[in-house]
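Remarks on the overall topology
The residues making up each chain are set out below.
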Amino acid sequence: MDLHFTADEATAEERAAIEGCLAALSMHGNRRQYLLPVLHAIQGRIGWISRGALNHACRALEVPPAEAFGVADFYAMFQTRPQPPVAVHVCDDVGCRFKGGEALCAEMERALGPAGAGGAADRITWHRSPCLGLCERAPAALVISAGDPPRDQDLAPAAGEDLLRVAAGQAAPVADLALSVPQAGQAGLTLLRRVGQIDPTSLDAYRAAGGFLALRRAIEMGPDRVVREVIDAKLVGRGGAAFPTGQKWLGARSAPLPRYLICNADESEPGTFKDRVLMEHDPFSLIEAMTIAGFATGCERGYLYIRGEYPLATARLENAIRRCYERGYLGANVLGDGVRFDIELRRGAGAYICGEETALMNSLEGRRGEPRNKPPFPTQVGLFGQPTVINNVETMVNVLPILLAGGKAYAAIGTERSTGPKLFCVSGHVERPGVYEFPFGITLRELLAAAGGVTGRLQAILLGGAAGGFVTPEQLDIPLTFEGTRAAGASLGSAVVMPFDDTVDLRQVLRRIAQFFRDESCGQCVPCRVGTVRQEELLHRLATDQPFGSVEQELGLLKELGQAMRDASICGLGHTASSAIESALGRFPIFQDARQETR
Amino acid sequence: MTGESAPDLKIPVPRGPVPVAPPPRPRNTVELTIDGRSVAVPEGATLLEAARQLGIDTPTLCYLENLTPVNVCRICVVEVENSRTLVPACSRKVEPGMVVKTDSERVRLSRRMVLELLASSVDVSTAPQFQDYMARYGATPERFGPPAPPAAAGERDAARPGHHHAPHGADAATVHQPVKVDNDLYVRDYSKCIVCYKCVEACGTDAQNTFAIAVAGRGFDARISTEFDVPLTDSACVYCGNCIGVCPTGALMFKSEHDMRQAGTWDETRQTATDTICAYCGVGCTLTVHVQDEKIVKVTSPLDHDVTHGHLCIKGRFGWEFVNQRE
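Residues numbered from 1 in each chain as written. Chains lettered and ligands numbered in written order. Predicted model: local features only at pLDDT ≥ 70, side-chain atom pairs only at ≥ 80, totals over all residues. Heavy atoms only, no water.

Residue and element names in this part refer to chain A. In space, the four strands of this open sheet follow the order β2-β1-β3-β4, with mixed pairing throughout. The sheet terminates laterally at β2 (124–129) and β4 (151–155), the two strands that pair on one side only. Across this sheet, the average inter-strand angle for adjacent strands is 15°, counted without regard to direction. By the bridge criterion, five bridges tie strand β1 (residues 86–91) to strand β3 (residues 141–145) in an arrangement that is antiparallel. Its bridge partner being in β3, alanine 87 is matched across the sheet by isoleucine 144. (Pairing = 2+ DSSP bridges. Helix = DSSP H or I, 4+ residues; strand = E, 2+ residues; numbered from the N terminus. Axes fitted to C-alpha atoms, helices over the stretch in contact; angles between N-to-C directions.)

Next up on the list: empty space enclosed by the protein. Residues and elements named next belong to chain A. Overall, the coordinates contain six cavities of 30 Å³ or more when judged by the stated rule. Taken as a whole, the largest cavity spans an internal volume of roughly 240 Å³. In this structure, the largest cavity is lined by 22 residues; those nearest its centre are Ala76, Pro130, Arg307, Glu309 and Gly350. Only β2 and α20 (506–520) provide two or more residues apiece to the lining of the largest cavity. Its residues assigned to classes, the lining of the largest cavity shows nine nonpolar, six polar and seven charged. (1 Å grid on protein atoms, 1.4 Å probe; cavity = no way out; pocket = protein on both sides within 12 Å on 5 of 7 lines; lining within 4 Å. Points joined across faces, edges and corners; volume = space filled by probe spheres on them. Nonpolar A, V, L, I, M, F, W, Y, C, P; charged D, E, K, R; others polar.)

Its 15 residues place the ends of helix α13 (residues 283–297) of chain A 22 Å apart at the C-alpha level, agreeing with the 21 Å of an ideal helix rising 1.5 Å per residue. Across the 15 residues that make up α13 of chain A, a large majority, 15, are buried. (Expected span 1.5 Å × (residues − 1). Buried < 20%, exposed > 50% of the residue type's maximum accessible area, 1.4 Å probe, protein only.)

Moving on, we come to the domain arrangement of chain A. All names here are of chain A. Here the domain parsing of chain A yields domain 1 (12–72), domain 2 (86–172), domain 3 (203–411), domain 4 (421–501) and domain 5 (506–587). Computed from C-alpha coordinates alone, the two centres of domain 3 and domain 5 are separated by 34 Å. Contact residues are listed per partner, giving 12 residues for domain 3 and eight residues for domain 5. Interface area, domain 3 with domain 5, both sides summed: about 800 Å², of which 68% is carbon and sulfur. Summed over the three residues of domain 3 that lose the most area to domain 5, namely Tyr352, Ile353 and Pro371, the buried surface amounts to 56% of that side. Counting across the domain 3 and domain 5 interface gives zero salt bridges. Counting every contact that joins domain 3 to domain 5 gives two residue pairs in polar contact (both at pLDDT 80 or more). When grouped by side-chain class, the residues that make up the side of domain 3 that touches domain 5 number five nonpolar, three polar and four charged. (Domains from an automatic or database assignment. Contact = heavy atoms within 4.5 Å. Buried area = accessible area lost by both parts, 1.4 Å probe. Salt bridge = Lys/Arg side-chain N within 4 Å of Asp/Glu carboxyl O. Polar contact = N/O pair within 3.5 Å; in protein donor to acceptor, adjacent residues only side chain to side chain.)

Moving on: the interface of chain B and chain A. On the chain A side, the residues contacting the 77 residues of chain B number 77 residues. For the pair chain B and chain A, the summed buried surface comes to about 6,700 Å²; carbon and sulfur atoms form 58% of the total. At the boundary of chain B and chain A, one finds six salt bridges. For the salt bridge of arginine 106 of chain B with aspartate 567 of chain A, the shortest nitrogen-to-oxygen distance reads 2.7 Å. Where chain B packs against chain A, one counts 34 residue pairs in polar contact (both at pLDDT 80 or more). With eight residues, the single largest contributor to the side of chain B that touches chain A is helix α2 (residues 105–119) of chain B. Across the side of chain B that touches chain A, the residue classes break down as 43 nonpolar, 18 polar and 16 charged.

Turning our attention to the nonpolar core. It is characteristic of soluble globular proteins that their nonpolar side chains tend to be buried jointly. Residues and elements named next belong to chain A. In this structure, Tyr75 and Phe470 are the most contacted members of the largest nonpolar core, which totals 158 residues. No other element matches helix α21 (residues 526–543), which puts eight residues into this core. If sequence neighbours within four positions are ignored, phenylalanine 470 has contacts with Ala460, Ile461, Leu462, Phe500, Val509, Leu510, Ile513, Ala580, Ser583, Ala584, Arg587 and Phe588. In this structure, Ala313, Ile343, Val399 and Val435 belong to the second largest nonpolar core, which totals 70 residues. (Core = buried A, V, L, I, M, F, W, Y, C linked by side-chain atoms within 4.5 Å.)

This is the structure:
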């Protein structure tokens, strides 16, 4: 490709960051797919991406600079203007904002000035952030410090002074696991059984706790039997869409080679943190499960795409992958049995949309995280245009108990249509927030009781995340299953359960959700790109009692907007961008007291 | 799935890439129903093509015959029986037995909303078909409020992904901003840009393979940009003008046309369009020369021309200024 570059040259440090990254990569296939890792390397070392650095990266990867800039400028974690080397990201999303997040933002503003202030000559800047996936320990913050090596640390619960100390270079304290997994160590757990019980950095500890037994069994069974067990187990995807995993695997088996496997670890749905806890505290289980999935579906290469804001999970998975290669659990000859499976870990860079499967594939290919139109579906045309199997972290990890107990035994757990154990992300106004494991079918009331009950007087519960919906205190007997929540006009989504007490102004919650979708829309299709802007404007007008025309007119317009986004957007983000807002307006008298007259 | 009727799962474990036969190229006919009328089209045709065969006029903005469909504007959406959402006619392939509605209330609502969202945020005054579409679907973009004032030069280019200023309630956000004039041949007025991706496609693999521009930013701040918003003169641009040729809204415009419009002298009723063959080289591109008051004001090429498919190079597109010199 004949590329044109501006005269800008990279500095010695920028060149070192790029060359170091390229040298550490074992390049495979086309070079453009390494754009995100290289941009991470520049951002991590310098704190922002300059023209010269981008030129150097583009020469190395043979990417046109305009396209590479379009990619860098898509992701919130990449900066294309001079920035201070240290950036503090404070979560002000629905899970944190009513639990100290706003106060923390105010403290940062007092100490560091307005959000986003500061240039390359300054030391620290701060930003408001969408959900950081640390909701059980709200308020949450993430400190990203550029340098060699770069250092990313999360802090939750975060106090202002501690946060500033971490930003100044101190190590963040290790979080208490009991705050994240109150059930840790209890008998009868399946998915969480090793969490907190073994050293998550030790392969031997994992083996001693039953690790790799499922992989061994899978290889004995052969791929056909493995797929059969997953079908018998009636496992469905845990990422939100609830697609039958066995069907997906079976479909992929008859697709042409090469095929790719992807584990979607881009957990970014506000209020969701279950995958993070699994990856931080039982990382080997995910590597084992991916290897089984690769074996069963005939994929020799797996990509583990983890959200960029998960530093501890990333470090633990990197370690687990390294140990597995050292000991022959990954590579050309897994378990000495002639099976080939490689895993490459890739970091996202701050884009909720990349949790959408086809946006994730574009991101892996070094492109903007814009969803593709479906059909064709990934099992036909996926990563690099090849058939691709993509599953969420929790879905993958469920394959281990399926193989150990057998698909039929697994299917006996939970309900007829929602089988197996399930992780729930409980946060907000409850006594003991955290990840909880229960069989599908536990009611909302029972789950909240297990978490110590609601603190204060319950007003509303957000179920399924920002793309889910609200339910009322009268709906506590909803069984937490896919069919049960659907029958109640709600959705289980990624199993977010976030109660709000009656001190919370629901209008503020809805505005934050609208802001989230406006910020996270990729911008590709008109209904979502402009619709999310109009939705936020409309909620602002309603919340501040300044409707255009009457409140009824505005609510009618909001409904039409929601329908167009749901009907005409390309992907699930646009399809669900109005669902939580519409569910709240349908169930709570939020805007009915507002004045009715025309302005 | 019961044990007896289950499919045979015995498929050999793949150990490496195996040669795959190229898929057959069937020329079968697919029958489907559109708006209650049945139609037969070749396999691989799109719903848009099938609807056109029945004489149904489907509105399009980001679609063009000579570019790969990107299905981003969503104005061509239609209702397909058993599909949860509407589907884009421009890219969705026909399937046997499909039952399609192109003018249902659901379809009309989404099309109207797409027009309102665009017209409330973008200057569509020079988009030829837009006003017709607005009338056809009864679009009233004013219901989103008066348009917000234009951004300062460079302000939209500096937007930070994932962050924006909270709305204040009085008006509707727009993409209005000053025109970018950084060369003598064409201007970029991104107040008129609906981000249809056509210019990016024409600059890239669909025509020119120059890659001077791409989509940057995210969400409502998504925009067409060179790297770091450098002027075109510092970019990879070769001034073929193929981006102007595909732009559906006049955001990309010959400087000659832009200047005449500014001066109030642009008048298409006084213009003639004459086809000729470009004399610069031996390729034989058809040029359509647009003349007003005995002066060439712009040059295009017919989309359906076998040689150009509407695309030209800098010489054919812009190399006519000397003709206007009378001395």
